[in-house]
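Inside the fold
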Amino acid sequence: MNQDLMEKIVALSKRRGFIYPGSEIYGGLANTYDYGPLGTELLRNIRNLWWKYFVQERSDMVGLDSSIISHHRVWEASGHVAGFADAMVDCRNCKARMRADQLIENFKGEKVEGKSPEDLDKIILENDDIVCPNCHKHEFTKVRKFNLLFPVQLGIVEGEGGEAYLRGETAQGIFINFKNVADSTRVRLPFGIAQIGKSFRNEITPGNSIFRTIEFEQGEIEYFFDPDSSTWEELFEKWKGQIWNFVTQELGVKAENVKWREHDDRERSFYSKKTEDLEYNFPFGFKELWGLAYRTNYDLTNHSEVSKQDLTIVDPMTNKKILPHVIEPAVGLNRLLLMILVDAYTQEENRIVLKLDPKLAPYKLAVFPLVANKPELLDKARSIYDSLKPKFMTAWDDRGNIGKRYLSQDEAGTPYAVTIDYQTLEDDTVTIRDRDTASQERIRVSEISSYVMDNLT
Ligand code: GAP
């Protein structure tokens, strides 16, 4: 674990307004975070890129925005009420509660996710070197299962059938609307439904910033196909390629920091025939970034049975009734954001630079008057800033000296900084500085937009 790097990234995120601890002025609320001005922009850029790449640019995808609160039967039918649980263990000494599999994995380095509570109990009992990360004692309760779904009570009178759940994944919203989408659009198999939105899980986690939180944003796709006319292995490989391209090309993440890992039978979720995770090399090790699963037609079958609705669609050529199978790419956008921060964080001799792909940068450029006490310079700089703001997220800074302003924008990942100086008043040129090389050139004011735009595609 590169604790030092993680601490630096957490500190920068707070200092510069990417990520704040949730409910901080009230002492914090574990596993919740808020996004500051820079984090909000970065998250929005990730969301928009995801949507453009996986929906807008394709002819076989449509979008959906289903509700966060859903009927309890949705989650009974999906298997989550019975099966969506983590094996937890408590420290008898300091009362800390933790996931049993993560506790073992951190000490033994071997994957034990999916083992039964009895097996996990046995491993903890037999290994005295497994100790509580909080108080370092080996005094544990028995391993018990805790369901991750958040129940909510609707209405004001309890016990009148008002139970519902906050969604534990966005995927179920797609399955329960599958027939609506098929009936209201011109989609033909194979096609996908994509959704971005919040999901909620009552997780207890070791606190790696936003890596695992109780409220998070997912980007999920259910790609529906007829197994008689498409081969799931081929679709699976295609999706692997598309996810890989998105991460390494669109988000610009270093390829050596990502790798695929296949789940074995024990680890794979109850609904899946094959699952692979794309893992990223976080400071706390290679961890799941993006899941890709072949879910068969497990979900549509269950929802048909429990709702007693016919969810099949008819092939217009053959009149055959089909209950399609799905390949499911599922990612957490917050986890993408953490990966992007880690991958871009660069410590140089005299500065920290976030080498973000310009497409992702919260601010595309910053505008500085050389000095703040010359009204002609300030007016000129203001008018340039005002003309750029409708086109790009543009920062303004007139405090301190120019060198410090550059360093401040380097930490925020701003790719360009434009300085308005005395020469600007004479010939309408400015200096434009490149974040990564720190080199500067002089360009005309009228060229600033196209200069920045050329580097955003
Ligand atoms: N529909 C399938 C599904 O939800 P998952 O592996 O549980 O599968 C998919 O979640 C992705 O969502 C994960 O790869 C991860 O990026 C993200 N994710 C899951 N739980 C999360 C949490 N508690 N906090 C942040 N991101 C999470």
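Anything mentioned here points back to the structure above.
Below is a short write-up of the structure. (Residues numbered from 1 in each chain as written. Predicted model: local features only at pLDDT ≥ 70, side-chain atom pairs only at ≥ 80, totals over all residues. Heavy atoms only, no water.)

Counting its secondary structure elements, the protein contains 15 helices and 24 strands. With the principal axes as the frame, the protein shows a C-alpha extent of 75 × 65 × 50 Å. Counting all 457 residues of the protein, 52% fall into the buried class. Entry remark: accessible area of the protein is about 21800 Å², with carbon and sulfur atoms responsible for 49%. Within the protein, the 72 negative side-chain charges are centred at a point lying 1 Å from the centre of the 59 positive side-chain charges. (Helix = DSSP H or I, 4+ residues; strand = E, 2+ residues; numbered from the N terminus. Buried < 20%, exposed > 50% of the residue type's maximum accessible area, 1.4 Å probe, protein only. Areas by Shrake-Rupley, 256 points an atom, 1.4 Å probe, with all protein chains shown as cover. Lys, Arg positive; Asp, Glu negative; His and termini not counted. Charge placed at Lys NZ, Arg CZ, Asp CG, Glu CD.)

Sheet architecture is open: three strands sit in the order β4-β9-β8, paired in antiparallel fashion. Each edge of the open sheet carries a strand with a single partner, namely β4 (69-71) and β8 (150-153). For this sheet, the mean angle separating the axes of adjacent strands, direction not counted, is 45 degrees. Here β8 runs beside strand β9 (residues 163-166); their pairing, made up of four bridges, is antiparallel. Its bridge partner lying in β9, Phe-150 is registered against Leu-166. (Pairing = 2+ DSSP bridges. Axes fitted to C-alpha atoms, helices over the stretch in contact; angles between N-to-C directions.)

Whenever strands of a sheet pair, they do so through backbone hydrogen bonds, lying parallel or antiparallel. As summarised here, the arrangement of the three strands in space is β6-β5-β7, forming an open sheet in which the pairing is antiparallel. Bordering the open sheet on either side are β6 (97-99) and β7 (144-147), each of which pairs with just one other strand. Strand-to-strand, the axes of this sheet are offset by a mean angle of 45 degrees, without reference to chain direction. As paired elements, strand β5 (residues 85-90) and β7 share four bridges and run antiparallel to each other. When the sheet's bridge partners are listed, Asp-86 is paired in β7 with Phe-146.

This part is about the pairing of strand β17 (residues 325-332). Within β17, eight of the eight residues are buried, leaving the element largely enclosed by the surrounding structure. The alternating pattern of β17 places His-325, Ile-327, Pro-329 and Val-331 on one face and Val-326, Glu-328, Ala-330 and Gly-332 on the opposite face, and all of these are buried. Here strand β11 (residues 215-225) runs beside β17; their pairing, made up of six bridges, is antiparallel. Opposite Glu-220, over in β17, you have Ala-330 as the bridge partner. One ladder, built from six bridges, connects strand β14 (residues 285-296) with β17; its direction is antiparallel. Along β17, the bridge assignment pairs Thr-296 with Val-326.

Before going further, it helps to examine the packing of helix α5 (residues 100-108) against helix α6 (residues 117-126). At a closest axis distance of 10 Å, the pairing of α5 and α6 adopts a crossing angle of 40 degrees. On the basis of the axis angle, α5 is oblique to α6. The interaxial crossing formed by α5 with α6 has left-handed handedness. In this structure, α5 contributes Ala-100, Asp-101, Leu-103 and Ile-104 to the contact, and α6 contributes Leu-120, Ile-123 and Ile-124. The residue makeup of the contact of α5 with α6, split by class, is six nonpolar, no polar and one charged. (Parallel < 35°, antiparallel > 145°, perpendicular 65-115°, else oblique. Left-handed = near helix turned anticlockwise from the far one by under 90°. Contact = heavy atoms within 4.5 Å. Nonpolar A, V, L, I, M, F, W, Y, C, P; charged D, E, K, R; others polar.)

When the terminal C-alpha atoms of helix α12 (residues 375-388) are compared, their 20 Å separation across 14 residues agrees well with the 20 Å that a helix rising 1.5 Å per residue should span. Those residues of α12 that fall on the buried side of the exposure criterion are Leu-377, Ala-381, Ile-384, Tyr-385 and Leu-388. Considered in projection along α12, the buried side chains sweep an arc of 100 degrees and stay on one side of the axis. What points out from α12, more than 90 degrees from its buried face, is the exposed set Pro-375 and Asp-379. Those residues of α12 that are buried are in contact with β20 (365-369), β21 (394-396), β22 (416-420), α14 (422-427), β23 (429-434) and α15 (448-454). (Expected span 1.5 Å × (residues − 1). Arc of directions from axis to C-beta.)

On to helix α11 (residues 333-344), then. Taking 1.5 Å of rise per residue, twelve residues should cover 16 Å, and α11 covers 16 Å from first to last C-alpha, within 8% of that figure. With respect to burial, α11 is a largely interior element, twelve of its twelve residues being buried. Three or more residues of α11 are buried, namely Leu-333, Asn-334, Arg-335, Leu-336, Leu-337, Leu-338, Met-339, Ile-340, Leu-341, Val-342, Asp-343 and Ala-344.

Right, let's talk about the nonpolar core for a bit. Among the nonpolar cores identified, the biggest contains 57 residues, and Trp-50, Trp-290, Leu-336 and Met-339 are the most heavily contacted of them. Setting aside residues up to four positions removed in sequence, Trp-290 forms contacts with Trp-50, Phe-54, Ile-243, Phe-246, Val-247, Glu-276, Asp-277, Leu-278, Pro-329, Ala-330, Val-331 and Leu-336. Of all hydrophobic cores here, the second largest spans 19 residues; its members include Leu-377, Tyr-385, Leu-388 and Val-418. (Core = buried A, V, L, I, M, F, W, Y, C linked by side-chain atoms within 4.5 Å.)

Let us look at the state of the cysteines. Summed over all chains, the structure comprises zero disulfides. Here Cys-91 is not disulfide-linked; the sulfur of Cys-135 is the nearest cysteine sulfur, at 3.6 Å. You can call Cys-91 buried: its relative accessible area is 1%. Sulfur of Cys-94: no disulfide; nearest cysteine sulfur belongs to Cys-132 and is 3.7 Å away. (Disulfide = S-S within 2.5 Å.)

The environment of the ligand is made up of 21 residues, and the closest members are Glu-169, Glu-203, Glu-220, Glu-288 and Leu-289. Between the ligand and the protein, one listed contact pairs a nitrogen atom with a backbone N or O atom of Thr-213 at 2.8 Å. Contact between the ligand and Glu-220: a nitrogen atom at 2.4 Å from a side-chain N or O atom of the residue. For the ligand, whose unbound accessible area comes to 550 Å², protein coverage reaches 91%. Listed by contribution, the elements that provide at least two residues to the shell around the ligand are β11, β14 and β17. In terms of residue count, the dominant contributor to the shell around the ligand is β14 (five residues). Of the residues in the shell around the ligand, the class split is eight nonpolar, four polar and nine charged. (Near = heavy atom within 4 Å. Polar contact = N/O pair within 3.5 Å; in protein donor to acceptor, adjacent residues only side chain to side chain.)

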